[in-house]
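Results of the structural survey
Here is what each chain is made of, one letter per residue.
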Amino acid sequence: MAKHPIDWSPKNWPRLLYGFFTSFKLATVVLVFMTVVTLLGTLGQVEHGLHSAKEKYFHSFFFTEKIFGVPVLLPGGLLLMILLFTNMVLGALVKVRKRWKGAGLLISHLGMLMLLAGGFVTWAFSTDGYMAMYPGMTSDRVESYREWQLEIVPLSPEGEAEKAWIYPAKLLETMRPDEQRVIHAESLPFDVVINGFSKNATPVPVSAPIAASVTGKEIDGFKLSPQKASKEAEQNLPGCFLEIRPRDGGDPVEAILWAGSYKFDPREKAMPFTFPVGDQLYGALLVKKSWTVPFSVRLDEFIFERHPGVSTARNYESRVTRFEEGQSDKALEIKMNEPMRHAGYTFFQESFGPSGSQPGDEMYSQFAVANNPADQWPLWSLVVTGVGLGVHFVIMLVNFTVRSRQRRSSPPVAP
Amino acid sequence: MPRRGVPTTEPCASGQSGRDGWLSRPLPLAAALLVLLPACGEKDTPGLVERPLSVSEKNFRLVDSSMERFRYTARPAASAGTESGSATPRGLVYDTPEGWTEKPGAAMRDVNFTFGEKGEGECYVARLPGTGGGLAANVNRWRAQMGAAPLSDEEVAALPTRPLFGQPARFVAVDGTFSPGMGSSETFPGYRLVGLILAADAGAVFVKMTGPKEVVEKNGAAFDQFVSSLDVKSN
Amino acid sequence: MNARSLLAALAVALLPGALAARELPKSALQNYVPWQDETVHAFEKLLVQEDGRVKPIYTVARFTLLQFLGKSAVSFQTQDGKDHRIHYAAWFLDVLFRGEVAKDLPVFIVDDSEVVVQIGVSPKSKRDRYSYNELLPGRAKLAELGAQYAEKEQKYRDSEKDPQYELGRVEGMILTLARNISAFDYLLGQFGFARQDGFLVNANILPPELVELSKRIDIVEMIDKMPEMGVDQLVQMVRQPSGGSEEERMFSGALRLFFFHASSASVLKFFPPQDEKEEVWITARDLMLAGLESKAQRPWAMEQLAAVQTLTKAQKEGEPAFLAALQAYSQKQHETAATRGEGTRAGLEIQLYRGKWFANSLVCFILAFVVMAFSWLTPESKIGRTLLLAAGVLAFVGFALDAYGIALRCIIRDRPPITNLYDTILFITAVAVLLGLFIEYCTRFGVGTFVAVVSGVLGMFLSIKYEAKEATDTISQLQAVLDTNFWLWTHVTIINIGYAAGLVAAIIGLVYLTSRFAALFHRRENADFHRALTRMNYGVICFCLFFSLVGTVLGGIWANYSWGRFWGWDPKENGALMICLWTLVILHGRMAGWIREIGIHMNSLVLAIITTFSWWGVNNLGVGLHSYGFTEGVWGALYTSWAVLGIFMAMGIVLWFQDREARLSKRVGAAV
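Here is what the cut-offs are and how they apply
Residues numbered from 1 in each chain as written. Chains lettered and ligands numbered in written order. Predicted model: local features only at pLDDT ≥ 70, side-chain atom pairs only at ≥ 80, totals over all residues. Helix = DSSP H or I, 4+ residues; strand = E, 2+ residues; numbered from the N terminus. Buried ≥ 20, exposed ≤ 12 C-beta atoms within 10 Å, placed from the backbone. Contact = placed C-beta atoms within 7 Å. Nonpolar A, V, L, I, M, F, W, Y, C, P; charged D, E, K, R; others polar. Core = buried A, V, L, I, M, F, W, Y, C linked by C-beta atoms within 7 Å. Pairing = 2+ DSSP bridges. Axes fitted to C-alpha atoms, helices over the stretch in contact; angles between N-to-C directions. Domains from an automatic or database assignment. Parallel < 35°, antiparallel > 145°, perpendicular 65-115°, else oblique. Left-handed = near helix turned anticlockwise from the far one by under 90°. Expected span 1.5 Å × (residues − 1). pLDDT = per-residue confidence, 0-100.

A few points about the overall build of chain B
Each helix and strand in chain B was counted, giving 7 helices and 10 strands. Among the 235 residues that make up chain B, the fraction classed as buried is 37%. In chain B, 51% of the contacts between residues at least 6 apart in sequence involve partners at least 24 apart.

Some thoughts on the overall build of chain C
Tallying secondary structure elements over chain C gives 26 helices and 6 strands in all. Its C-alpha atoms give chain C principal-axis dimensions of roughly 120 × 65 × 50 Å. Across the 672 residues that make up chain C, the buried fraction comes to 47%. Considering only contacts within chain C whose residues lie at least 6 apart along the sequence, 70% involve residues at least 24 apart.

A few points about the interface of chain C and chain A
Facing the 62 residues of chain C at the interface are 55 residues of chain A. Only helix 20 (421-443), helix 22 (485-522), helix 23 (527-563) and helix 24 (571-591) of chain C provide two or more residues apiece to the side of chain C that touches chain A. In terms of residue class, the side of chain C that touches chain A is made up of 35 nonpolar, 18 polar and 9 charged.

A closer look at the nonpolar core
In this structure, Leu257(A) and Trp91(C) are the most contacted members of the largest nonpolar core, which totals 175 residues. Residues contacting Trp91(C), with those up to four places away along its chain left out, are Ala61(C), Leu65(C), Val74(C), Ile86(C) and Leu105(C).

As for the sheet that holds strand 11 (residues 253-258) of chain A
Residue and element names in this part refer to chain A. The 4 strands lie next to each other as 6-7-10-11, forming an open sheet whose pairing is antiparallel. Among the strands making up the open sheet, the edge pair consists of strand 6 (180-183) and strand 11. For this sheet, the mean angle separating the axes of adjacent strands, direction not counted, is 25 degrees. In terms of strand pairing, strand 6 meets strand 7 (residues 190-198) through 4 bridges, oriented antiparallel.

Observations concerning the domain arrangement of chain C
Its domain assignment divides chain C into domain 1 (192-339), domain 2 (355-431 + 442-477) and domain 3 (494-641). Computed from C-alpha coordinates alone, the two centres of domain 1 of chain C and domain 2 of chain C are separated by 48 Å.

Let's talk about the pairing of strand 5 (residues 163-167) of chain A
Of all 5 residues that make up strand 5 of chain A, 4 are buried, and the element is covered over most of its length. In this structure, strand 5 of chain A lies alongside strand 1 (residues 49-52) of chain B, joined through 4 bridges in antiparallel fashion. The residue bridging Ile166(A) from the neighbouring strand is Val49(B), located in strand 1 of chain B.

A look at the packing of helix 20 of chain C against helix 22 of chain C
All names here are of chain C. Relative orientation of the contacting elements helix 20 and helix 22 amounts to 55 degrees, with a least axis distance of 8 Å. Taken as axis vectors, helix 20 and helix 22 run oblique relative to one another. As for how helix 20 packs across helix 22, the hand of that crossing is right-handed. Two secondary-structure elements touch here, helix 20 through Thr 424, Phe 427, Ile 428, Val 431, Ala 432, Leu 435 and Gly 436 and helix 22 through Asn 496, Ile 497, Tyr 499, Ala 500, Ala 501, Leu 503 and Val 504. Each residue belonging to the contact of helix 20 with helix 22 can be placed in one class, and the counts come to 11 nonpolar, 3 polar and no charged.

A short note on unusual backbone geometry
In this structure, Asp220(A) is a non-glycine residue whose phi angle is positive, near 50 degrees. Along the chain, the position of Asp220(A) falls in the loop between strand 8 (201-205) and strand 9 (222-226). In this model, Arg444(C) sits at a positive phi of 55 degrees, which is unusual for a non-glycine residue. Residue placement: Arg444(C) occurs in the loop between helix 20 and helix 21 (447-470).

Here we look at the environment of Ala346(C)
Residue and element names in this part refer to chain C. Looking at the secondary structure, you find Ala 346 in helix 17 (residues 346-354). Using a count of 24 C-beta atoms within 10 Å as the deciding quantity, one classes Ala 346 as buried. Remark: the alpha-carbon pair of Ala 346 and Gln 309, spanning 37 residues in sequence, is separated by 24 Å. If sequence neighbours within four positions are ignored, Ala 346 has contacts with Lys 45, Leu 47, Lys 55 and Pro 56.

Observations regarding helix 15 (residues 298-317) of chain C
All names here are of chain C. Taking 1.5 Å per residue, 20 residues should reach 28 Å; helix 15 reaches 28 Å between its end C-alpha atoms and fits that length. Taken as a whole, helix 15 has its buried residues at Ala 301, Gln 304, Leu 305, Val 308, Leu 311, Thr 312, Ala 314 and Gln 315. Turning to helix 15, the residues buried within the fold contact helix 4 (88-97), helix 11 (219-225), helix 14 (284-293) and helix 16 (319-339). At the exit of helix 15 stands Gly 318, carrying a positive phi of roughly 130 degrees.

Remarks on helix 23 of chain C
Residues three or four positions apart in an α-helix share a direction because the helix packs 3.6 residues into each turn. Residues and elements named next belong to chain C. For helix 23, spanning 37 residues, the distance from its first C-alpha to its last is 52 Å, which sits close to the expected 54 Å at 1.5 Å a residue. Along helix 23, 32 of the 37 residues are buried, which leaves the element largely enclosed by surrounding structure. Downstream of helix 23 by one or two residues, Gly 564 has phi in the positive range, about 85 degrees.

Observations regarding the packing of helix 20 of chain C against helix 21 of chain C
Two elements in contact, helix 20 of chain C and helix 21 of chain C, have axes whose closest approach is 7 Å; the angle formed by their N-to-C orientations is 170 degrees. Taken together, helix 20 of chain C and helix 21 of chain C sit at an angle that is classed as roughly antiparallel.

Description of the confidence of the model for chain C
Low-pLDDT portions of the prediction should not be read for the details of their coordinates. All names here are of chain C. Looking at chain C, pLDDT values average 86 and 91% of them are 70 or higher. When mean pLDDT is compared element by element in chain C, helix 18 (residues 357-375) scores highest at 95, while helix 1 (residues 3-18) scores lowest at 52. A low-confidence stretch, residues 623-630 (pLDDT under 50), is modelled with 11 contacts involving residues beyond four sequence positions or located in other chains.

A few points about the environment of Pro106(C)
Residue and element names in this part refer to chain C. Looking at the element boundaries, Pro 106 is found in strand 5 (residues 106-110). For Pro 106, a count of 24 C-beta atoms within 10 Å puts it in the buried group. Spatially, the C-alpha atoms of Pro 106 and Leu 605 are 44 Å apart, while their sequence positions differ by 499 residues. Here Pro 106 is in contact with Pro 25, Ser 27, Val 74, Phe 76, Arg 129, Tyr 130 and Ser 131, once residues within four sequence places are set aside.

Considerations on the confidence of the model for chain B
All names here are of chain B. Per-residue confidence for chain B gives a mean pLDDT of 68; residues scoring 70 or more make up 62%. The least confident element of chain B, judged by mean pLDDT, is helix 1 (residues 9-16) at 36; the most confident is strand 1 at 91. In this model, residues 1-42 is a region of pLDDT below 50 whose contacts with residues beyond four sequence positions or in other chains number 41 contacts. Note on residues 73-90: pLDDT under 50 across the span, and 45 contacts to partners over four residues away in sequence or across chains.

Here it is in structure tokens:
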């Protein structure tokens, strides 16, 4: 097993690189790191909560972790999965010697590649949100669990608005507390200045004893008290300061906006901060990011049962009707383990509310609505991998038993 | 303001609707949209979207004050409950009676007041999910702190009730020598304990006032006022 | 390893168990008259609804005593010097029908005498059993401390484990004892309304005239004479001060007694409801209040209550009468339940516990271990091989008993084998034993049997420990999301087979390391044997990968069907993923040439650490699913087992260096 000296000359680099990416050594190292990262990400959830642990450990290229007090730079889940994918494609599919004996392994690697690819597609292109409604309500709008955007609406005196200017969540979220941004739209007669944005905040009335400890501006009897971000990202309620600057030279108006003014029960209406500019009344508020599905759903009935005499929910399910242009209306049931799949969207029976409702109260039903192009990929990858491993396992088992039987004539001696 | 025959909102709205849009469409269209992207609002703030509102989005509630907008409806002297507001996801709102001083929430106390000339009177609210060990056990725990004999189950059941959060809570009033326990061996003779225990399915709530008998008697009305003002911050 | 020294070690290990016949706690009872077997048998079939399920009272009795005492029988010595040992069903019969006797039975285990000192009761030894009456002087203090600690514990949970609310060891024990005593109080009062003999729970806190009155008043008859009234009205009337005249005082006293009995009898849901569509069974309290509230329900409610009265009356007449009454009552109750489609499997459930399938299975595995150990004395002789075969057969019997018990549990609840953590212990043990026996069938050199026997002993021991520690019914109702037999059969079953394989791999790894290490001192290398072990372990690891991977992906598909996401990085998912990843590390590391023999075995130990972490650890990462003390116990046990594996790994590192030296010197030799 004498080692050959490695040829480091530049013209040999492609070969070396190919060798590196196809090696079992790379696979082993990546897998070890993936185990470590998975472990850290699992333990990290105890401290950081699921969402931020996911972002830190699994959806990242690198992260640092203190191990026995020493910060260590570690590869993140995303980087590791890309490396593993490359390694599998080059090593297990391209470079590998194609033999009948290796057929099972080839197939199973193919299945694993599908799984990883599906994971990437899900991560990059899927959306998930929820739709909550009381019986009798109809909707085609899905709301985000945790993304908030700023909305400016021209309001009628009755509180109706036909259109909105939206400063999207992906921009709003990047704001630091000390940052100021000016939002300008040609079609609006004023500019909007945002500052003091906080991912989680509570407005505190100045009359409250704790208000004395809150720094920052007081507007209309309130101060905005920034809070530590919650472990459950869904529970964060952002807040910010707003200044409206009319371009015709009128006096600027200031306000505190808080996500708590949004509607949290399907029957509520959101409460904007209102201000007149010229003859028109405008409203500004923080709302959850939302999008539409290409059909609407009406909740006809919501059924909720508990186990006899205990509080554990036994079953809850929704009877709905789906309306779609050009198609006849369709009555359906959505229940645990039986989602509705249609037009690329999947509706799951997720939850119910309002919390603390008593038997007899009217309750709303909440669906998780997911759109995942790779929805069914894991199933197919499982079939492929399962077949591959099954084939390989049978080959190995036959080998093993045949060899064992040959050896049995001379059993080895126990120590 | 539609331009170039394409609804202005379209390219930006697709960005708005998140990641679902841009890869599920055929590539040439995506490329075309990329070309169009800078066109929407050359002078507008980049990323700002203008779009029509759908039926479920277009109705708003017009409110006059921040008080209402931040859901402090009809509670002029409300505060955000616990000191940090983060320990209890559902904060409490209440009126602070005159002459009472709010203290930072101590261990197991959601709201904590002192009153009286030297701050010798004390009143606090504690909440627990579940029934908090049962009504009788808690009534008798309080009685024991005042050196009084325990009540039987039916005597506990026969205690008068007063509304707390709109539900009937058991009212306890005991005179005696107060020993707070919890690591302290001090005792206070001539004290009175007044309290409410609400053991509902959703959780148990305790409101407890202790102090020298005459101080507590003087603050009886304040106690009632405080109790009737107690409510859960609705959000 | 020296087989003789191993046998000696085994004998030493088993000896304390044999000597465990410790002194029995003394009871204040002058004597104890045991129930006849037929009476207990008639009693145990009675049906109760608990935790949303109709079950025989046998099950309730079992887990109640386990909860109080941690054992399934209570042993004590009466004043007349006789020793007694009563089984849980008989004990429960005492609790319900001979409360005055039950109060003197030492059924409360106190692990640290500090607990009783704190409530002002004079302690016995450091860890001892106490009767209700012995703890009675500290009852008030116990309730006070219990409420205080319950509050603290709740805060601890709500604050996501803020250390300032963490309960100390003794505090936790006081809380448990307070809960147990309170539960016992309620149980004593279940049939109090039917007794009319002055036996009242907490009689000491009632005025003496009420106790006197209780002997004269028939609570059931009383309902008939009352006007219709709701609970609120009843409470109102109880609250009013009793009037001046003798009659008024008597009436008010009777009302108080009625209310007292009703409040006491509010635990056991013993009566199928009148309305067949109503699912929730009702307690004697519900019956009493329902009868009081409406005259329409009165005859039915009184009939139900009177039936219990016939039981208590018959009990006083003597055991033959009691037996007959119990049988009649039980028959009627079963008939009513059967028309509702309930209670039909109560007999099977009793059979499950009475058969002691899992305990007997443990006995088989222990016997198999002893027989196997003897076979090591002369491994190559005919006797040795016969003994090994006998051990294998015994292990198979152990497996069959375990499997039979699992099958019974499946039938009783109409579910696949695994629905909760306890089920996984039984199932994983069965799979590991079967895997071991299969390996033995293929290889025939004793290691497979060793694997089977060791996993059998450990697994069944764990299952018994766990049941006693949890002390709640292990046949539990499922949450809505788990209510699907398809996924329980596929994903859950398959992933647990993967866990079993991961643990079997570790046992083989341990055998390898031990054998190699022993060979260091004997200077007798047996390369063939070790190579065979490596091949074997490699096979098991592949088996583990297959089932873990398929199980994990199936779990993802299920999650996608239920919640709309295939993968959510949930701790349980991550645990399964780590098992898959580590098996892949082993397989690829082997192809990379980084791990050979010893590497595979060492890594199988790492695999076992990951497997136990996924199986037990992740459940206890968040807010404790179970009681406080239990979480602590799990981590303790996990750390201990990981430390043991760590010691073996250290041994492995020594061996690895030795191997490397040997390889190097061989290479040098070849070069020369």
